[in-house]
Every structure is written in structure tokens, then in C-alpha cells.
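Listed below, chain by chain, are the residues.
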Amino acid sequence: MLMQALRGMRTRWVTFVGSFVALALGVGLIAATGLALAATFDAPERGPERFAAAPVVVRAADHLRVDTPTGTRSKPLDHPGPVGPRTADRLAALGRTVEDRTFPADVTVSRTGPDVTAARTGADTREPRTGPDTTAPRTGADARGPRPGQAAEARVGHPWPVAAAAPYRLTSGRAPAAPGEIVVTNRPGGGAPLRTGDRVLVRTPAGNAPRTVVGTVAGRGFEDAVFFTDDEAARISPDIDALVVHADATAVRRALGPDSGMDVLTGHDRRRADPDPDRDARALVSVNALLGTAAGITLFVSAAVVASTFSFAVAQRRREFGLLRTVGATPGQIRRTVCAEAVLVGVLASAAGSWLGAGGAPLLVGRMTEAGLAPPWFALGDASWPLHTAFWTGVFVATAGALVSCHRAGRTAPTEALREAAVDSRVMPASRWAAAVLVLLAGLGLPALALAVDPGDLLGRKSYVTRPMLLVVGFALLAPVLVRPVGRLLTWLPARLPGAIGVLLRENTAAGVRRTAAVAAPVLITVALAATLTGTVATLEEARTTEARTATTADFVVTSGHEGRPLTPDFVERARAVEGAVVSVSRSTAVTALEEDTALVTSEARAVDPARLAAVSELPVTAGRLSDLDDGAIVVNEEWLTTRVGDRVTVWLGDGRKASLRIAAVLATGTGDNGVYVTRRNAGGAGVDRIDVKVAEGADRRAVAAALHTAGAATGTRVTTRAEWLAANGQGTNGQTRTGLRMILGIALLCTATALANTLVMATSDRVRDLAVLRLAGATAPQVLRLVAAEAVVAVGVGAFLGGVVAAVNLLVVWGALVLLGVMSAVVVPWGTLGLVVAAAALLAAVSAVLPASLALRTRPVELAGSRE
């Protein structure tokens, strides 16, 4: 059988080269994504950073721990508490202590040119300059905030004594000794550095003030810091965030006691006191999800393409198998020959694909880091298992893809050798009908069940990525039945145009069912994925925008100029004092509940003033009243543990406090942005991060806007109108998601392109006698080429039509889930993306069909018509 397989491969090398290329590309993509995926399983091991030189660090516990019947459960706290003064005094008796305070300290410097950083020393050092020609310092009201053209660098402030815990070392100047003096870090490669003697404007929670840089230290990469005197830092931020203790850790733990609520950190545990210690692991979560999705889609598309290729190749060879049966070959021998060919192609292509994947993985990782899909430090590891996995996956896919074809090849009757017409008139076997019906029932039934039980589950990324797969498989299995009616629909108009090409186009499409289905299958997959993925993301973005537009009725929305920073107390007071403005101040926090005594579930929450909230929003209340929210109550959504108004729930607030709260109202689930609402008392130490402002009836809108913008300019706060805020937080805000989708679709399109070229070259090369008959019947070479190109385009159209049906079903499922969740929003169809995908596929198909046909037509028609396979 092996020798027979080798002879067959040598004779029909065009077929096997196409299969080889398709499988090698698929294995290469799986290997490349697998190698990159393996690198996401472990974040880089980093030691302590901010407190690397500190012997012992004491800070409030940053995790909530709850004992349950199944063990202790833990969750990170949103706002850990401070180290109390009594605790600090008790530990000071054990040895020298250093108090650490962390607070926002944004530095404003001049940015009028690439070499201009700040005004230097001299008579004009009282304020930062706005340009090289500025000669006079600013005074009065103008000195309270930055001028246009100045940039506020987001930094954090600390007391200078704690700098030694990192350790930071002075590279120039001296330590700060007076309230107006600071030391700053300079980041390597971070632009024009600050220098000793620079005058800058520093914005802290205590207000804005010009300060003098008296020293600089080299940045260490994990923060951009500003160091103040110890007394100045204590005035700006009275709470102690951490305490460095120069004493034995055992003595420190003994002094604190077991129930102090403090963590004593030594060794590697000091990493927990660093700014955002889990940032590396969290950065890899999205990378892992993206690469996992890409690998899954690559595997699915590759398997479908290879199975379709082998199926078409076997269909082309029915006369060959009929001749073998005529000379005495048994069905088993035919099947073993086809399987042996598949295994040979699988092994060779998988080896080549693994080699391609090993070389392409570094390019993939580099492209992801350049596009911002992965952190800059992301790099490949030394794992080799993805290469083994990709290799054996390729062999398995090739073998499995040939199994059904082997069965059909073995059933070839000797009379097939006598057939001259290449017409696919056979009805699908019962087994394929059964498989298609079962897969379609699963593809339609599972979403229907989810709509009835948990509509919100259909909006998750895993759901809308995997949901199209079953429908794609179902439609692909039904392709022999669907191709003929869809093809007749698409060729209805051409068949009624003058000339014979339209009629031939219709009849050839109907006669060559397997050829058309083999071309349509990869297009079906790509169009279905492109429309479903991009359409679902766009529809969800539109739904969130619609939801926000309905819920927010404020005229102005105020947020911090830097994401994650609280608004300054100065601006909050200024906003509350604006005449004619109804101001609703809110805080972002978290609430944790114990679900079924087994798991801690944390929900995002906002702490609000109930009386003011009603004036600036219209939340989708399904039960209860927002006005009943008070310090002993909570507003939840329909996904909460219990949704009966009046029930009491036990929760843990953002700072770890335990509270029993009454459900005052229940909100519709929506797209997931309708979270939990509590009052300021239950904010868990959160600062103000958003202010909604409504212009009171009869008040001057322009005056309110001017007052808010003046306060915002003085404090570096972003003031936007409702329309501006909706636009900034609406469609297109998640650029990484869109870039990731483009990468996934690019992989699918690459597989589709290979499959199209492969199938059409095989099909056209096998039709040389048919083309010669057309020439002998009077058709010119250009007419034949136009017919071949038109047939390829129609086959692409069939795949696009079926893929569009799959996408329409999936988008309707998403729309239905949104309606059930209380969001009335339109379905967004990505016509531009679909147009590009279909146009690219049609162009490639036409070229792939015309090139081999034009080469074949160089031979005299009489010679082609008389040739034998």
C-alpha cells in the first residue's frame, strides 16, 4: 500500500501539493500560536521593587478571608485600610520605623518643543514656562493651573525617607529639606529629564503648588515618583499606607498579635507591597485569551479545510478507483491506499508546518507587542510541547479528514470507470444527513436553551467565538444539498442575459456540486467568523452606548484627567459650589458576597447620594425604588444572589468591613454595566472618581459650563458634556479588542486563501478536457476564461451566502439576549469588513481558476479532448 500511495502521489502531484500547503500552513499557525500561548502560562518572576531593601514591611491586610464549610476563601480588597497611629507607635518601640504614604502627585512641565521641559532657575523660577519666549512669571489666578500647551505627568508622591527602602539613590542634588522642595525620578528613555533647579507645578490632593526640584534619582521602572519631606507628605496624605520596620519579623508579629488585621511582609512577600504587584499576571490574561482563541479558530479552520480538500480529491478520483476495482482491487485496498496517502501528506506537511511555526512564533510575539496586544516584556519561553502538539495534531487532522473519504472511496463501483460526465448527481448518504441534522439542532438548540435560562451567558467572549462553529459545521455538511439551490439563485440573472455563458454558468455550478462546495466551504467559515465576531463586538458596543445614553441624563460628566485617579478634593468643592448645578458625586468601589457558602463573588459598585442620583440618571429599575437606598441598604441587579426587595444580604465592603444590607431596588442586568449601588458610608475608603452635573431648571447652562471648565483647568480635571462622554466611552474605545479580532480574522483569511487557491487549481487542472470541448464547440479562449472566473466567483458567492446565514442567526441570538436583559439596541452588521473579505476571496478565486485554465488552453483543443487521465 505504501508503494501504491507513493506512485499515486507522484502521478497526482497537483492534488497533493495543494493538500500539503494547506495542512503545513495550518500546522505552522497552530505551532506559532501554541508557542506564544505557552509563554503566557507563567508571568516573569519579579522580586520586591519598592521595598527591596526593607527588612520588614507592615501594611493592612490586602485580602479578604472568609471561612466557609468548604474551606477558607480569599479575595483581594478594593481599598485596604491604613496602618493606625497606635500600631505605628507600638512598632516604633521595636526599632527604627519609616512611614510610607502614597498619593497622586502630578507634575506639570512645559511641552512647547522637543527640547523644552521647564523654566529654569533665575528670576522666572516661580512658575513653569509655556514656551521659550516667556519671560515673566505668572501670578494671581493664572498661577493656579497649567496653561495650554503644558502636560501633566501622572506621578505618585512619597516621603523622602522611604526612598531608601527601594533603594533610590541620588544622582544629582540633595534631599528635600523644606516644604517647597522635591526630588523626582527620571525614567531612562522617558524624554527630556527634569534637572536640579527646575521649577514645576505639582498637583496633589492638597492642591496645586509650584515647587523646586532639588534632587533627582534614577527611575526603577515600576513608578514615576515625586519625593517630599516627611512632614509635607504627612500633611498631604495623613494616612500611613505601609510601615518599614527595622526589627526582627518574629518580634513584629508578636507585637501585633494574631488579630491585628496587619500583614507582616518579609522576603519575597514584600512584593505584595509593590504598586500593582499582579500587573504582569493580569497583563497575560488578555494575551492568553487572544492566543487561545486564535489557536482554536486556526485548528477549526485548518481541520475543515483539510477535510474538504481530501473529500474533493477523492471525488475527483472516482474513475481512477473504478478502474482499480475493475482490475481486481478490493474496497479495503482502496481505503488503505487513500489513508496511506493521507498519513504521508500529514507527516510531511506537519513536519514542515512545525518548522514554519518555530520560525514564525518570534514574529508573532513581536507583532503583538508592537500593536499593544502584549506587554513590552512578553517573550517566548523554551517550551517545546506546542511543536509536538502541532505536529501530531496535523497528522491526526489529515488522517481524520481522510476517514470519511476512505469509506466513500472503498464504495466506488467498477462501473464508475465508464462514466464520462463529471456530474455530481448523488444524494447525500443517510449518515451525513443524520450528522448534519444533529449538529444543526445543537447549534440552534444550545443558544435557545441559554436564552431561556441565562441570556447573559451568550454575551461572553467564549460564547460568541465558539457558537458559530456548530452552525458552520452543520451548513458545511449540508453543502451538497444547499449548493445547487443557492447557486441557481445567484445565477438566475446571468442565465437570462444574452449569450451562452450565463446558461453554462448556471448548469456548471449545478453539475459540479462537490467542486462548488469545496470552494464555498472556506469562504463560508471566514464570512461566518468575520460577521459574527466583528458584528457581535460592534453590537455589544452599540448596546452599551445605548444603555449609557438612556441611564445618564446629566448635562456634564466629570472624570479624572488620568484613569484610575480620584478627583481632587479642591475640584469637588468647587463643583458643589457652582450656582445652578445639581451635582451627584460618586465613587467606584466593590462589594463581595458569599455565594452558596462556597465562593466569594465580587461585584463592581458605585457609592452615591440617592437623592442626587435620581436627578442625573434613569436607571433600569425592575423592582423597588432607588429613593429607598440608605446607609443600611443596597441596590443590586438581576444577577445578584437574591433579587427580592426587602431581603437582607451579608456583604464585605471594599475595605473588608462586613455589613448586613437590605435590598432597596433591583436593576435590569443589561450588558453587565448595571452594577451595585451603595451609599458613601459603605464606599470602603474609595475616593470620588466621577461627578455628574445637571443644570437646574432656569439656570444658565453657559455659566455652569464656564464654572466647571474653570475649576477643571485649575485642577487638571476633565470636564465633558454628556455627548462627549458618550462618544468617548462608546464604540471603538477598545482598540486592543479590535486589533485582536483583526489578527484572528487575518489567520482565518490566510487559511481561506490557501484553501481557495488549492481547490481551484485542483479543480481547474482536472477540467482541461471540459474546457477543450468548449473550445471545439466554438467558444473563444477569452470566453472560456471568463466562464471559469465566473464559476469561481459564484462558488465564493455561495459560501458568502451560507456564511451570511450563519452570521445572521448568531447576531439574532445576541440581539435576543440583549432584549431579554432589558437593552433595546440595533444589530450592527459589519458591512465594510464583509465586503472586503468577500471581495478578496472572489479576486483570489478568479485568479486561482484562470491561471491554470489559461496554461491549459495553450495546448491545442484536439489534443486536450483526446487525452486520458
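Here the structure is a predicted model, which is why all the values come from computation and not from measurement.

### Considering the pattern of salt bridges
Stage number 1. Evaluation of the coordinates by the stated rule reveals 27 salt bridges.
Stage number 2. One salt bridge in this structure joins Asp 106 and Arg 203, with 3.5 Å as the shortest N-O distance. Taken as a pair, Asp 106 in strand 6 (residues 106-110) and Arg 203 in strand 11 (residues 199-204) lie far apart in primary sequence, 97 residues in all. Of the two residues examined, Asp 106 and Arg 203, each falls in the buried class.
Stage number 3. With a closest N to O distance of 4.0 Å, Arg 488 and Glu 507 form a salt bridge.

### Concerning the side chain of His 158
Stage number 1. Tracing the chain through its elements places His 158 in strand 8 (residues 156-159).
Stage number 2. Classification of His 158 as buried rests on a relative accessible area of 0%.
Stage number 3. At 3.3 Å, the side chain of His 158 forms a polar contact with the side chain of Asp 100.

### Quick notes on a nonpolar patch on the surface
Stage number 1. Side chains of Leu 812, Trp 815, Met 824, Val 827, Val 829 and Trp 831 sit close together on the surface and give an oily, nonpolar patch of about 630 Å² of accessible area.
Stage number 2. Note on placement: Met 824 falls in the loop between helix 22 (781-820) and helix 23 (831-856).
Stage number 3. What makes Met 824 exposed here is its relative accessible area of 58%.

### What about unusual backbone geometry?
Stage number 1. A cis amide bond links Ala 166 to the next residue, Pro 167, at an omega of 0°.
Stage number 2. Relative to the helices and strands, Pro 167 resides in the loop between strand 8 and strand 9 (170-173).
Stage number 3. Unlike most non-glycine residues, Asp 276 shows phi in positive territory, near 50°.
Stage number 4. By relative accessible area, which is 36% here, Asp 276 ends up partly exposed.

### A look at the sheet that holds strand 4 (residues 97-100)
Stage number 1. Reading across the sheet, the four strands line up as 4-14-1-15 and stay open at both edges, with antiparallel pairing between neighbours. Single-partner strands in this sheet number two, and they are strand 4 and strand 15 (262-265). When the angles between neighbouring strand axes are averaged without regard to direction, this sheet yields 20°.
Stage number 2. Taken together, the four bridges between strand 4 and strand 14 (residues 242-245) define a ladder with antiparallel strand orientation.

### A few points about the packing of helix 22 against helix 23
Stage number 1. Running from N to C, helix 22 and helix 23 cross one another at 145°; their axes reach a closest spacing of 8 Å. At the point where helix 22 passes helix 23, the crossing takes the right-handed sense. Residues Leu 785, Val 788, Ala 789, Ala 792, Val 793, Val 796 and Ala 800 of helix 22 lie in contact with helix 23, whose contacting residues are Val 838, Ala 841, Ala 842, Ala 845, Ala 846, Ala 849, Val 850, Ala 853 and Ser 854.
Stage number 2. Grouping the amino acids of the contact of helix 22 with helix 23 by side-chain chemistry returns 15 nonpolar, one polar and no charged.

### Concerning the nonpolar core
Stage number 1. The biggest cluster of nonpolar side chains holds 93 residues, and the ones touching the most others in it are Leu 291, Ile 297, Val 301, Met 368, Leu 529 and Leu 533.
Stage number 2. Non-local contacts of Leu 533, meaning those with residues more than four positions away in its chain, are made with Ile 297, Tyr 464, Val 465, Leu 741, Ile 744 and Leu 745.
Stage number 3. Within the second largest apolar cluster, 19 residues are counted, among which are Val 558, Val 578, Val 583 and Val 688.

Calculation rules
Residues numbered from 1 in each chain as written. Predicted model: local features only at pLDDT ≥ 70, side-chain atom pairs only at ≥ 80, totals over all residues. Heavy atoms only, no water. Salt bridge = Lys/Arg side-chain N within 4 Å of Asp/Glu carboxyl O. Helix = DSSP H or I, 4+ residues; strand = E, 2+ residues; numbered from the N terminus. Buried < 20%, exposed > 50% of the residue type's maximum accessible area, 1.4 Å probe, protein only. Polar contact = N/O pair within 3.5 Å; in protein donor to acceptor, adjacent residues only side chain to side chain. Patch = residues over 30% accessible without salt bridge, like charges linked within 9 Å, V, L, I, M, F, W, Y side chains within 5 Å. Areas by Shrake-Rupley, 256 points an atom, 1.4 Å probe, with all protein chains shown as cover. Pairing = 2+ DSSP bridges. Axes fitted to C-alpha atoms, helices over the stretch in contact; angles between N-to-C directions. Left-handed = near helix turned anticlockwise from the far one by under 90°. Contact = heavy atoms within 4.5 Å. Nonpolar A, V, L, I, M, F, W, Y, C, P; charged D, E, K, R; others polar. Core = buried A, V, L, I, M, F, W, Y, C linked by side-chain atoms within 4.5 Å.

None of this, on its own, says anything about what the molecule does.
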